[in-house]
Amino acid sequence: MSVLDIRNLHKSFGSIHVSNDISLAVDDAQCHALIGPNGAGKTTLMHQITGSLSPDSGEIFFAGQDITPMPVSQRVQAGLGRTFQITSILPSFSVLENVALAVQAKAGSSMRFFRRAASEPSLNEQAMATLDRINLADRAETIAADLSHGERRLLELAIALAGSPRFLLLDEPMAGLGRSESAMLTDILAELRRTIPMLLVEHDMHAVFQLADTVSVLVDGEIVARGSPDEVRNDAAARVAYLGGGGDG
């Protein structure tokens, strides 16, 4: 049984079909990459999976459960974790506090988000374990605003991991990274995918072909090609799509 199973998803804005009969499935311990040009509908699809946008029709199953009618909060509690194309951290808080607050939110505690994380050792322990997992523990006390762009990407991943997700939705995690930073993050994701299945939206083709078991190519709201990285690399429609530039889709 697939961990994530998207069935015949449709979404339109007026006469524009941003999701046109999209179906895809991600099995356990696999990485499914979604690529395509600007405006293809990739981020719109991610919004529908997380629940911030409702499809016009179709179904989304997660771990065998129909989550289509669920709000965002319930999907997070069910085990969906997400990173965003634009970082979503609290810049005036420390790295540790950012992750500890994410642990607190996932736990459904009192939601006293602005209580200093240092006052709750149990949250700190989980947060430090998460930071250690992605090689960011030595920056725990650093204010998030003082991190490099690459370190902020790692922090965002730590925030997504803080709630022990059963699945990761990764929206262009390599955006804005240099070659060495991309290589480091790719290595971290390669280790994570051993235990956490993921759907990866990414324009960095080196990362896509290194991480993905399956690649789907989205163009104008439709999947025009799907297969292994080698199959997609040699597909004419896929080459046109992913050689067409960068940015959001």
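Note that the coordinates shown come from a computational prediction; the quantities given were computed from them, not determined experimentally.

(A) Focus on the environment of Ala 238. Relative to the helices and strands, Ala 238 is located in helix 9 (residues 236-242). According to the relative accessible area criterion, Ala 238 is buried, its value standing at 0%. Residues Ala 238 and Val 224, 14 residues apart in the sequence, show an inter-C-alpha distance of 7.5 Å. Beyond its immediate chain neighbours, meaning those up to four positions away, Ala 238 contacts Val 217, Ala 225 and Val 232.

(B) Just unusual backbone geometry, in detail. At Ala 63, a position not held by glycine, the phi torsion is positive, near 55 degrees. Relative to the helices and strands, Ala 63 is located in the loop between strand 4 (57-62) and strand 5 (65-66). Residue Ala 63 is classed as partly exposed on the basis of its relative accessible area of 26%. Positive phi values are uncommon outside glycine, yet Asp 220 reaches one of about 50 degrees.

(C) How the structure looks around helix 1 (residues 42-50). Burial runs high along helix 1: eight of the nine residues are buried. All of the buried residues in helix 1 are Lys 42, Thr 43, Thr 44, Leu 45, Met 46, Gln 48, Ile 49 and Thr 50. Downstream of helix 1 by one or two residues, Gly 51 has phi in the positive range, about 100 degrees.

(D) How the structure looks around the environment of Ala 127. By secondary structure assignment, the location of Ala 127 is in helix 4 (residues 121-133). When the C-alpha atoms of Ala 127 and Asn 98 are compared, they prove to be 8.7 Å apart, with 29 residues separating the residues in sequence. Leaving out residues up to four positions away in the same chain, Ala 127 has contacts with Leu 96, Val 99, Ala 100 and Val 103.

(E) Local environment of the side chain of Ser 94. Within the secondary structure layout, Ser 94 lies in the loop between strand 6 (80-83) and helix 3 (95-107). On the basis of relative accessibility, which here comes to 6%, the residue Ser 94 falls in the buried class. Look past the residues within four positions of Ser 94 in its chain and what remains in contact with it is Ala 140, Glu 141, Thr 142, Ile 143 and Ala 144.

(F) Spotlight on the confidence of the model for the chain. Per-residue confidence for the chain averages 88 on the pLDDT scale, and 90% of its residues sit at or above 70. For the chain, helix 9 is the element with the lowest average pLDDT, namely 74, and strand 4 is the one with the highest, namely 98. Throughout residues 244-248 the model reports pLDDT below 50, and contacts reaching past four residues in sequence, or to other chains, amount to 13 contacts.

(G) Seen up close, the packing of helix 5 (residues 149-161) against helix 6 (residues 179-192). Relative orientation of the contacting elements helix 5 and helix 6 amounts to 15 degrees, with a least axis distance of 10 Å. Taken together, the axes of helix 5 and helix 6 are roughly parallel relative to one another. As for the relative orientation of helix 5 and helix 6, their crossing is right-handed in sense. Here helix 5 contributes Gly 150, Leu 154, Leu 157 and Leu 161 to the contact with helix 6, which in turn contributes Glu 181, Met 184, Leu 185, Ile 188, Leu 189 and Leu 192. Classifying every residue of the contact of helix 5 with helix 6 gives eight nonpolar, one polar and one charged.

(H) Representation of the sheet that holds strand 4 within the structure. Taken together, the four strands give an open sheet; going across it, the order is 2-1-4-5, and neighbouring strands pair in antiparallel fashion. Two strands bound the open sheet, and with one partner strand each, they are strand 2 (16-26) and strand 5. Across eight bridges, strand 1 (residues 4-13) lies against strand 2 in antiparallel orientation. Within the sheet, the bridge partner assigned to Phe 13 lies in strand 2 and is Ile 16. Helix 1 contacts strand 1, strand 2 and strand 4 of the sheet and is inclined by roughly 120 degrees relative to strand 1.

(I) Main features of the pairing of strand 10 (residues 222-227). Note: strand 9 (residues 214-219) against strand 10, five bridges, orientation antiparallel. Bridge pairing in strand 10 links Val 219 to Glu 222. Linkage of strand 9 to strand 10, two consecutive antiparallel strands, is achieved through a turn of two residues, within which Asp 220 is found at a positive phi near 50 degrees.

Thresholds applied
Residues numbered from 1 in each chain as written. Predicted model: local features only at pLDDT ≥ 70, side-chain atom pairs only at ≥ 80, totals over all residues. Heavy atoms only, no water. Helix = DSSP H or I, 4+ residues; strand = E, 2+ residues; numbered from the N terminus. Buried < 20%, exposed > 50% of the residue type's maximum accessible area, 1.4 Å probe, protein only. Contact = heavy atoms within 4.5 Å. pLDDT = per-residue confidence, 0-100. Axes fitted to C-alpha atoms, helices over the stretch in contact; angles between N-to-C directions. Parallel < 35°, antiparallel > 145°, perpendicular 65-115°, else oblique. Left-handed = near helix turned anticlockwise from the far one by under 90°. Nonpolar A, V, L, I, M, F, W, Y, C, P; charged D, E, K, R; others polar. Pairing = 2+ DSSP bridges.

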